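Geometric and topological summary
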Amino acid sequence: MSLRFYDTSARQVREFAPLREGCASLYLCGATVQAPPHIGHIRSGVNFDILRRWLTHLGYDVTFCRNVTDIDDKIIVTASEEGVPWWQVSERNQRAFTWAYETLGCLPPTVEPRATGHVPEMIELMQRLIDDGHAYAAEDGSGDVYFDVRSYPPYGELSNQRLDQVQEAADSDPDRDKRDPRDFALWKGAKPGEPSWDTPWGRGRPGWHLECSAMATKYLGPSFDIHGGGLDLVFPHHENEQAQSRAAGDGFTQYWLHNGMLKVGGEKMSKSVGNSLLIPKLIEKVRPVELRYYLAQAHYRSTIDYSDEALQEAAAAYQRVEGFLTRAVEVLGEVTPAQQVPGDFEAALNDDLGVSQALAVVHGHVREGNSALASDSNDKAAQYASELRTMLDVLGLDPLSEKWSGGGDQGLSEVVDALVSVALEQRQAARARKDYAAADAIRDQLTEAGVVVEDTPQGPRWDLRRG
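Residues numbered from 1 in each chain as written. Predicted model: local features only at pLDDT ≥ 70, side-chain atom pairs only at ≥ 80, totals over all residues. Heavy atoms only, no water.

Looking only at helices and strands, the protein has 14 helices and 15 strands in total. In terms of overall dimensions, the protein has a C-alpha envelope of 95 × 50 × 35 Å along the principal axes. Classification of the 467 residues of the protein by burial places 51% in the buried group. Across the protein, every contact between residues at least 6 apart in sequence was considered, and the portion connecting residues at least 24 apart equals 73%. Carbon together with sulfur atoms contributes 48% to the accessible area of the protein, which is approximately 21,000 Å² in total. For the protein, the distance from the average site of its 47 positive side-chain charges to the average site of its 70 negative ones is 3 Å. (Helix = DSSP H or I, 4+ residues; strand = E, 2+ residues; numbered from the N terminus. Buried < 20%, exposed > 50% of the residue type's maximum accessible area, 1.4 Å probe, protein only. Contact = heavy atoms within 4.5 Å. Areas by Shrake-Rupley, 256 points an atom, 1.4 Å probe, with all protein chains shown as cover. Lys, Arg positive; Asp, Glu negative; His and termini not counted. Charge placed at Lys NZ, Arg CZ, Asp CG, Glu CD.)

This is the structure:
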């Protein structure tokens, strides 16, 4: 099966045909850094990280641009409430987002531009739009610049709306001089105490939609392959991005991909309803790799309704995968990843990035691999383990990878292993002399310390307690 994606604009699944053979360009709307990230934000990062990994596995040379919106109304409000400069809020939360992406195993983007570093590109885009009759500077001297939605007849095609259905744009002061209430702000004239930059139309700051168009086309070109983001961005943000870019003469993106929302108790996650789940708190409940598994397991376009029970179930599922590979290494020695993934795994990901179906293939390999180990069919077990590592690498979930194997604490791991091995030898000696009370006491002490002991045909093995 060829690679296919559900394109929001076309409202159907389309075969992926990149603009440049062998290359794939991907833009993802990243963080608006007015607050630290919750798992709703990071779900998007994980979903598009898997897309990026899959494109790379298929042999594409991927350019991945993920922006940072570091100036915004909400950032200014937060800074005012805290009594600190706006850039301090942006920098603090940008670091929190970077940490969260890295903690959950997202590969760094090829480029991660900040909005405030691209004002010249925004001014150039606004000038093109004004020259072509698609934008205008307000005549009240405010410094505002607006996009004229009536000048662009296809406006509304991404979100499947007619212009007469579109409500008033909410991204500008209603008292300013707009020709049509639906026109949206490209540039917001300066207000006292707010950050501002010089333009030919007066000092001010960029509108949210303008930022992404300018950054996407700077790094990926006037036409690029894929634009991604959350489903809640389809309107107005992505609709406005597409309108202003295509009105200026750019082809812009060829495919729109949108991930579904993450809810709590049926409500969208947000600070205002008090149900945000921040990454540092969640990784106290499960390991980062288990949280990644939880966020990745559902189809990227589906809605996830968070619960602690579902999180723990996902952690347990990942531990079964991890357990097989751990046992395989103990029995077989080093397990080298295979060159290719199984055909049904490839078909699942080629069909609109069907991770849930791909994970069914993963767990099938775990079951067959465990059976092979139990029957001493080591060649079969090695094949399952090898293919499993390759599949998990595509998903960013390989427990034997440097990221998740604890390679950075190798010295400490070796010390812990040596100490636990001594305790297990004492336990085995107690069992050999039939002092079962002493053997049980050693096991209980290890359990209290967070070490889980499992008796296997190959002898006792241990692991750290999860969750």
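Okay, back to it.
Moving on, we come to the UniProt feature "binding site: Zn(2+)" (unreviewed entry) in the protein. Cross-referencing UniProt, the feature "binding site: Zn(2+)" (unreviewed entry) maps to Cys29, Cys212, His237 and Glu241 in the present numbering. For the annotated residues, spread through 213 residues, the largest C-alpha to C-alpha distance comes to 11.1 Å, consistent with a single compact locus. Here Cys212 lies in helix α5 (residues 208-220). Each residue touching Cys212, except ones within four places of it in the same chain, is listed here: Tyr27, Cys29, Asn67, His237 and Glu241. Along the chain, His237 turns up in helix α6 (residues 234-247). Here His237 is in contact with Cys29, Trp208, His209 and Cys212, once residues within four sequence places are set aside. (UniProt positions renumbered as here; feature names shortened; annotations may be inferred.)

Turning next to helix α4 (residues 119-131). An ideal rise of 1.5 Å per residue puts 18 Å on 13 residues; α4 measures up with 18 Å between its terminal C-alpha atoms. What α4 keeps buried is the set Val119, Met122, Ile123, Leu125, Met126 and Leu129. Down the axis of α4, the buried side of the element spans an arc of 165°, and every buried residue falls inside it. Opposite its buried face, α4 presents the exposed residues Pro120 and Asp131, each directed more than 90 degrees away. Contact partners of the buried residues in α4: β5 (135-137), β6 (145-147), β7 (184-189), β8 (204-206), α5 and α6. (Expected span 1.5 Å × (residues − 1). Arc of directions from axis to C-beta.)

Bringing the pairing of strand β1 (residues 4-7) into the picture now. Burial along β1 is one-sided: Phe5 and Asp7 are buried, and none of Arg4 and Tyr6, which face the opposite way, are. Of the pairings in the sheet, the one linking β1 to strand β2 (residues 12-15) comprises 4 bridges and is antiparallel in character. Bridge assignment links Asp7 to a residue of β2, and that residue is Gln12. Between β1 and β2, which follow one another and run antiparallel, lie 4 residues, and Arg11 among them has a positive phi close to 55°. (Pairing = 2+ DSSP bridges.)

The next subject is helix α1 (residues 39-57). In a regular helix each residue adds 1.5 Å, so 19 residues correspond to 27 Å; α1 covers 26 Å between its end C-alpha atoms and thus fits that length. Taking burial as the measure, the 19 residues of α1 include 16 buried ones, the bulk of the element. In the stretch just after α1, Gly59 is the one whose phi turns positive, near 100°.

The positions UniProt marks with the feature "short sequence motif: 'HIGH' region" (unreviewed entry) are residues 31-41. With 27% helix and 18% strand, the stretch residues 31-41 has end C-alpha atoms that lie 8 Å from each other.

A few words on the sheet that holds strand β13 (residues 304-306). Paired through their backbone hydrogen bonds, the strands of a sheet run either parallel or antiparallel. Here we have 3 strands laid out as an open sheet, ordered β12-β11-β13, and mixed in their pairing. Each edge of the open sheet carries a strand with a single partner, namely β12 (267-268) and β13. Relative to β13, strand β11 (residues 262-264) runs parallel, the two sharing 3 bridges. Directly across from Leu262, in β13, lies its bridge partner Ile304.

Per the stated rule, a full pass over the model turns up 24 salt bridges. The residue Asp398 makes a salt bridge to Arg389 at a minimum N-O spacing of 2.8 Å. With relative accessibility at 3%, the residue Asp398 sits in the buried group. Taken together, the shared-partner salt bridges in this structure form one network comprising Asp73, Lys188, Glu194 and Arg205. (Salt bridge = Lys/Arg side-chain N within 4 Å of Asp/Glu carboxyl O.)

Under the definition given, this model contains 14 aromatic pairs. Summarising the aromatic geometry, the rings of Phe16 and Tyr255 are spaced 5.5 Å apart at their centres and angled 55° between planes, so their arrangement reads as tilted. Separated by 239 residues along the polypeptide, Phe16 in the loop between β2 and β3 (23-32) and Tyr255 in strand β10 (residues 252-259) bring together distant segments of the chain. As far as the burial class goes, Phe16 and Tyr255 line up, both buried. (Phe/Tyr/Trp six-rings, centres within 6.5 Å; stacked < 30°, edge-to-face > 60°.)

The next thing to look at is the confidence of the model for the protein. Scored by pLDDT, the protein has a mean of 91; 93% of the residues are at 70 or more. Per-residue pLDDT stays below 50 along residues 407-412; that stretch engages in 1 contact with residues further than four places along the chain or on separate chains. (pLDDT = per-residue confidence, 0-100.)

This paragraph deals with the packing of α1 against helix α3 (residues 86-103). Interhelical geometry of α1 versus α3 gives an angle of 55° and a closest axis separation of 10 Å. Here α1 is positioned oblique relative to α3, judged by the angle of their axes. Here α1 and α3 pass one another in a crossing that is right-handed. In contact with His41, Ile42 and Gly45 of α1, α3 contributes Phe97, Ala100 and Tyr101. Partitioning the contact of α1 with α3 into residue classes produces 4 nonpolar, 2 polar and no charged. (Axes fitted to C-alpha atoms, helices over the stretch in contact; angles between N-to-C directions. Parallel < 35°, antiparallel > 145°, perpendicular 65-115°, else oblique. Left-handed = near helix turned anticlockwise from the far one by under 90°. Nonpolar A, V, L, I, M, F, W, Y, C, P; charged D, E, K, R; others polar.)

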